[in-house]
Amino acid sequence: MTTQFCELRESKLTYCLAINVNKGIVFASDSRTNAGVDYVATYSKMTTFVFPGDRSLVLLTSGSLATSQAVINSIKTDLNNPEAEFDLCKGKYLHEIAKYIGQISQREQKQHAEAMERSRTSAESTFILGGQIAGQPCEIFLIYPQGNYIAASPETPYIQIGENKYGKPILDRMIAANTTLEDAARCAIVSLDSTIRSNISVGPPIELAIYTNNHIEAPYRTSLNTNSVMYKSVQKHWNEGLKRAFNKLPRFEWEKSATK
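Since this is a predicted model, take the numbers as computed values, not measurements. (Residues numbered from 1 in each chain as written. Predicted model: local features only at pLDDT ≥ 70, side-chain atom pairs only at ≥ 80, totals over all residues. Heavy atoms only, no water.)

Another point: unusual backbone geometry. Residue P204 is joined to P205 through a cis peptide bond whose omega torsion reads 5°. Turning to its location among the elements, P205 is positioned in the loop between α6 (181-198) and β11 (206-212). (Helix = DSSP H or I, 4+ residues; strand = E, 2+ residues; numbered from the N terminus.)

So, in structure tokens, the structure goes:
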């Protein structure tokens, strides 16, 4: 079996984001995983952990699929082990859970470090953790492969992982703390679609989850493929709107004189 099929990687071959606004959080991710140009598969990169009335959490993953799945499996194992030292339900604050996930990720990477080095393959994974614990504010965290983490700031209330450059402009221009959840979700779809159009390694379906502040329950969740009415409508209106805006840009001086 070749290294290509031993380890599916998407460190820059995926795109996930979370947007934290006053009314809640929007999560979005693509579903394409690459292990070379001749092997493309579809995997969900979004996992939800919901304990109604207590906490609602969403985890997005980018990087080594094997490491990402191992981390999620360890989280689930700890939840089912009454003797576990820590689990998702024992953290009083979301940053404690971010630290816990970072520690699991580091442990899984170290376990296979020697073999991965021999095959010159990365075992690194990056995560976005977001959600709310009852009595605490909504928060989103970026968890690095090294195990450390940061929280999104009020000035830049979104986090991206993976292939982020194509989908960043609309977030910078449109997203603020007072953006509505629905507008944030539309921005997320456009951000994903812009990335899909510019990078063939990122692809549908787009997974979307919308969590409403202080509703400690499962977020609204949907999947948009290329045939989805909502996805096609967003694409159409965004493309047409860009063309209309472009055609209204100011003319150069020589263009003005040529039309007289």
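On we go from here.
Turning next to the sheet that holds strand β2 (residues 24-29). Judged by pairing direction, the sheet is antiparallel, and its 5 strands sit side by side in the order β10-β1-β2-β11-β12 without closing on themselves. Each end of this open sheet is capped by a strand with a single partner; those strands are β10 (158-162) and β12 (220-224). Within this sheet the neighbouring strands show an average axis-to-axis angle of 10°, counted without direction. Sheet topology places β2 next to β11; 6 bridges connect them, and they run antiparallel. (Pairing = 2+ DSSP bridges. Axes fitted to C-alpha atoms, helices over the stretch in contact; angles between N-to-C directions.)

Quick look at the pattern of salt bridges now. Throughout the structure, instances matching the rule amount to 7 salt bridges. Close ionic contact of D172 with K168 constitutes a salt bridge, the shortest N to O distance being 2.8 Å. A residue pair is termed a helical-turn pair when its members lie 3 or 4 positions apart in one helix, as D172 and K168 do in helix α5 (residues 168-174) at 4 residues. Residue class for D172 comes out partly exposed when judged on its relative accessible area of 46%. (Salt bridge = Lys/Arg side-chain N within 4 Å of Asp/Glu carboxyl O. Buried < 20%, exposed > 50% of the residue type's maximum accessible area, 1.4 Å probe, protein only.)

Attention now goes to the packing of aromatic side chains. Evaluation of the coordinates by the stated rule reveals 3 aromatic pairs. Aromatic side chains F86 and Y100 sit 5.0 Å apart centroid to centroid with 50° between the ring planes, which places their arrangement in the tilted category. On the criterion of sequence distance, the pair formed by F86 in the loop between α2 (65-79) and α3 (94-111) and Y100 in helix α3 is long-range, its members being 14 residues apart. Residue F86 is classed as partly exposed on the basis of its relative accessible area, which comes to 23%. Judged by its relative accessible area of 7%, Y100 is buried. On the basis of an interplanar angle of 75° and a centroid distance of 5.9 Å, the ring pair of F141 and Y149 is categorised as edge-to-face. On the accessibility criterion, Y149 (29% relative accessible area) is partly exposed. (Phe/Tyr/Trp six-rings, centres within 6.5 Å; stacked < 30°, edge-to-face > 60°.)

Residues L17, I19, V26, L171, I175, A188 and L208 are the most contacted members of the largest nonpolar core, which totals 26 residues. Elements supplying a minimum of two residues to this core: β1 (15-21), β2, α5, α6, β11 and α7 (229-247). Looking at which element gives the most residues to this core, the answer is α6, with 9 residues. In contact with V26, other than residues within four places in its own chain, are L17, A18, I19, L181, A184, A185, A188, L208, A209 and I210. Of all hydrophobic cores here, the second largest spans 18 residues; its members include F49, I97, F127 and I143. (Core = buried A, V, L, I, M, F, W, Y, C linked by side-chain atoms within 4.5 Å. Contact = heavy atoms within 4.5 Å.)

Direction vectors running N to C along α2 and α3 enclose 125°, while the axes themselves pass 9 Å from each other. The angle between α2 and α3 falls in the class oblique. Read as a crossing pair, α2 and α3 show a hand that is right-handed. Between α2, through T67, A70, V71, S74, I75 and D78, and α3, the contact on the second element is made entirely by Y100, I101, I104, S105, R107, E108 and Q109. Residue composition of the contact of α2 with α3, by class: 6 nonpolar, 4 polar and 3 charged. (Parallel < 35°, antiparallel > 145°, perpendicular 65-115°, else oblique. Left-handed = near helix turned anticlockwise from the far one by under 90°. Nonpolar A, V, L, I, M, F, W, Y, C, P; charged D, E, K, R; others polar.)

The next thing to look at is the environment of I206. Within the secondary structure, I206 sits in strand β11. For I206 and Y231, which are 25 residues apart along the polypeptide, the C-alpha to C-alpha distance reads 8.9 Å. Setting aside residues up to four positions removed in sequence, I206 forms contacts with S29, I189, L192, D193, I196, T222, S223, L224 and Y231.

Another point: α3. The end-to-end C-alpha distance of α3, which contains 18 residues, comes to 26 Å, matching closely the 26 Å that a straight helix rising 1.5 Å per residue would cover. Among the residues of α3, those classed as buried are L94, I97, A98, Y100, I101, G102, I104, S105, E108 and Q109. Of the surrounding elements, those touching the buried residues of α3 are β6 (55-63), α2, α4 (113-118), β7 (125-133), β8 (139-143) and β9 (149-151). (Expected span 1.5 Å × (residues − 1).)

Let's shift gears to the pairing of β8. Burial runs high along β8: 4 of the 5 residues are buried. Of the pairings in the sheet, the one linking β7 to β8 comprises 5 bridges and is antiparallel in character. Each bridged residue has a counterpart across the sheet, and for F127 the counterpart in β8 is I143. The turn linking β7 back onto β8 is made up of 5 residues, and G135 within it adopts a positive phi angle of 90°. As paired strands, β8 and β9 are joined by 3 bridges and run antiparallel to one another. Its bridge partner lying in β9, L142 is registered against I150. Counting the residues between successive antiparallel strands, the hairpin from β8 to β9 contains 5 residues, one of them, G147, with a positive phi of roughly 100°.

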